[in-house]
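Breakdown of the fold
Here are the chains, one letter per residue:
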Amino acid sequence: MNSRIAVVPGSFDPPTLGHLDVIRRAASLYDQLHVLVVHNPGKEAMLPIAQRLSLLEQSIEESDIEGDVVVASWSMGLLVDYATDVDAGVLVKGIRSQVDVAYETPMAIVNRHLAHVETVFLLPDPAHALVSSSLVRQVASLGGDVAPFVPPAVARFLDTGARDI
């Protein structure tokens, strides 16, 4: 595994400014960064995967994030299978609280055991520490303004009434 290639996995439903913060910082730390939209069977998605991919690509481009950033999706198999396929030695996870640490730590240990892939936790910019995709979905579904929490491409998309997808 190459420790200079990393994967940032997430549902990105929808992408938030917190996600972009993690992507920007991770892109500066690794030679190649894969931003991976994963299917979470435990969550009902607001946006189809193709739309999340498109919004991530637009948001990354509009944010002038530098580096070799690949946006992809993965819905079958283990996350470490994707990491192995692209020769990534690192998973990057943004964590906002102790709840995230408690949830992510067992997965990090299992991923290291399964495929010798390390997990790196990045703390959020305090401006984004309390924002989650779940919160954005809830605010959007009730007609609230999500522009302070999401990249402009996502805000434009949600403002068109697409939240009813």
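Quick caveat: nothing in here was measured; it's all calculated off a predicted structure.

**Description of the UniProt feature "binding site: substrate" (unreviewed entry) in the protein**
- Listed under "binding site: substrate" (unreviewed entry) in the UniProt record, and renumbered for this structure, are Ser11, Lys43, Leu79 and Lys93.
- Inspection of the secondary structure assignment puts Ser11 in the loop between β1 (2-10) and α1 (17-29).
- Judged by its relative accessible area of 16%, Ser11 falls in the buried class.
- What Ser11 contacts, discounting residues up to four positions off in sequence, is Val37, Val38, Lys43 and Arg52.

**Focus: the pairing of strand β5 (residues 118-122)**
- Here strand β4 (residues 88-94) pairs with β5 via 5 bridges, running parallel. Note that in β5 the partner of Val90 across the bridge is Glu118.
- In this view, the connection linking β4 to its parallel neighbour β5 by way of helix α4 (residues 98-115) has right-handed handedness.

**With respect to the UniProt feature "domain: Cytidyltransferase-like" (unreviewed entry) in the protein**
- Cross-referencing UniProt, the feature "domain: Cytidyltransferase-like" (unreviewed entry) maps to residues 8-138 in the present numbering.
- Secondary structure over residues 8-138 splits into 44% helix and 22% strand, and the C-alpha atoms at its two ends are 24 Å apart.

**Some details on the environment of Gly94**
- Tracing the chain through its elements places Gly94 in strand β4.
- Sequence separation between Gly94 and Asp31 is 63 residues, and the spatial gap between their C-alpha atoms is 19 Å.

**What to know about the packing of helix α2 (residues 49-62) against helix α6 (residues 152-159)**
- It is the contact of α2 with α6, at a shortest axis distance of 8 Å, that shows an interaxial angle of 135°. Relative to α6, the element α2 is oriented oblique. Taken together, the residues of α6 that come into contact with α2 (itself represented by Gln51, Leu55, Gln58, Ser59 and Glu62) are Pro152, Ala153, Val154, Arg156 and Phe157.
- For the contact of α2 with α6, the per-class residue count stands at 5 nonpolar, 3 polar and 2 charged.

Reading the values: rules and limits
- Residues numbered from 1 in each chain as written.
- Predicted model: local features only at pLDDT ≥ 70, side-chain atom pairs only at ≥ 80, totals over all residues.
- Heavy atoms only, no water.
- UniProt positions renumbered as here; feature names shortened; annotations may be inferred.
- Helix = DSSP H or I, 4+ residues; strand = E, 2+ residues; numbered from the N terminus.
- Buried < 20%, exposed > 50% of the residue type's maximum accessible area, 1.4 Å probe, protein only.
- Contact = heavy atoms within 4.5 Å.
- Pairing = 2+ DSSP bridges.
- Right-handed = clockwise from strand over helix to strand, strands pointing away.
- Axes fitted to C-alpha atoms, helices over the stretch in contact; angles between N-to-C directions.
- Parallel < 35°, antiparallel > 145°, perpendicular 65-115°, else oblique.
- Nonpolar A, V, L, I, M, F, W, Y, C, P; charged D, E, K, R; others polar.

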